[in-house]
Amino acid sequence: MILYSYWRSSAAYRVRIALNYKHIEYRQITPNLAKAEHRSAEYVATNPQGLVPALELEGEHGGEIIAQSLAIIEYLEQVQPAPALWPSEPLARARVNAMAQLIASDVHPLNNLRVLKYLKADLGQDEAAVSAWYSRWVIDGFSALETWAEQYSADGRHLFGDSISLADVCLVPQMYNARRFGVELQAFPRLVAIDRHLCLVQEIAMAAPELQPDAE
């Protein structure tokens, strides 16, 4: 498989974690988002959204492209079910999906690179205002997630139950970004503890931005 990725993309980070966790071999092509290479005609022909990640399949479906991180991870779950990233019990699966979507659908879209650039370049906001915007939405999301972790973590090392799930796959990149942008995390001790444990897992550690081939 070929993963179109960028080292600091949290959505691509999720997919790297999932691929590593499922021990699926892949290679990376890394358009530089900082240089707008993802907006090139060549890349847009691959992914019309002009975003990363995108996954190019090989084998039976060779050449097919899947966009959107959660769609990619769901595909990986279907083709390689073990180790699983979702519980099999319906209510448990819904809980995991809710946690993952809180991050991927509510927090991340308001704070990704193109939104922050728009706030600065088009709306004329300074760094302090952009940082306040970023923190506002992360703190909102993390406040709910901290409560859910209290309710549904069985061991204090995973967001749900006692094994890695899609919720954890989404949490680690968002925690990385929160620290990068200076969000205060003292109010979220459960999330901090879970993230600390997850980042010691080899498959997750190897997906870290600084270890990617295009890392600056």
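Before going into details, it helps to say that this report is about the structure given with it.

Before going further, it helps to examine the layout of surface pockets. Any space left empty among the atoms is revealed by the rolling of a water-sized probe across them. By volume, the largest pocket amounts to about 830 Å³. Lining the largest pocket are 36 residues; nearest its centre among them are Ser9, Leu33, His108, Asn112 and Leu113. Those elements that provide at least two residues to the lining of the largest pocket are α1 (10-21), α3 (69-79), α4 (90-111), α5 (113-121) and α7 (166-180). The residue makeup of the lining of the largest pocket, split by class, is 16 nonpolar, 13 polar and seven charged.

Moving on, we come to the nonpolar core. Of all hydrophobic cores here, the largest spans 55 residues; its most connected members are Phe142, Leu159, Leu171 and Leu191. Elements with a contribution of two residues or more to this core: α1, α3, α4, α5, α6 (127-152), α7 and α8 (189-198). At nine residues, the largest contribution of residues to this core is made by α7. Not counting the four nearest positions on each side in its chain, leucine 159 is found in contact with Met99, Leu145, Trp148, Ala149, Tyr152, Ser153, Ala167, Asp168, Leu171, Leu191 and Ile194. Within the second largest apolar cluster, eight residues are counted, among which are Ile2, Tyr4, Val52 and Ala54.

What follows covers the environment of alanine 132. Turning to its location among the elements, alanine 132 is positioned in helix α6. Between the C-alpha atom of alanine 132 and that of alanine 207, which follows or precedes it by 75 residues, the distance is 28 Å.

For arginine 14, the location among the structural elements is in helix α1. When its relative accessible area of 2% is taken as the criterion, arginine 14 is described as buried. C-alpha separation for the pair arginine 14 and alanine 207, spaced 193 residues apart in sequence, amounts to 8.3 Å. Ignoring any residue separated from it by four or fewer positions in sequence, one finds arginine 14 in contact with Ser69, Ile73, Ile103, Ala104, His108, Val169, Cys170 and Pro173. Looking at arginine 14, its side chain comes within polar contact range of the side chain of serine 69, at 2.8 Å.

Definitions and limits used
- Residues numbered from 1 in each chain as written.
- Predicted model: local features only at pLDDT ≥ 70, side-chain atom pairs only at ≥ 80, totals over all residues.
- Heavy atoms only, no water.
- 1 Å grid on protein atoms, 1.4 Å probe; cavity = no way out; pocket = protein on both sides within 12 Å on 5 of 7 lines; lining within 4 Å.
- Points joined across faces, edges and corners; volume = space filled by probe spheres on them.
- Helix = DSSP H or I, 4+ residues; strand = E, 2+ residues; numbered from the N terminus.
- Nonpolar A, V, L, I, M, F, W, Y, C, P; charged D, E, K, R; others polar.
- Core = buried A, V, L, I, M, F, W, Y, C linked by side-chain atoms within 4.5 Å.
- Buried < 20%, exposed > 50% of the residue type's maximum accessible area, 1.4 Å probe, protein only.
- Contact = heavy atoms within 4.5 Å.
- Polar contact = N/O pair within 3.5 Å; in protein donor to acceptor, adjacent residues only side chain to side chain.

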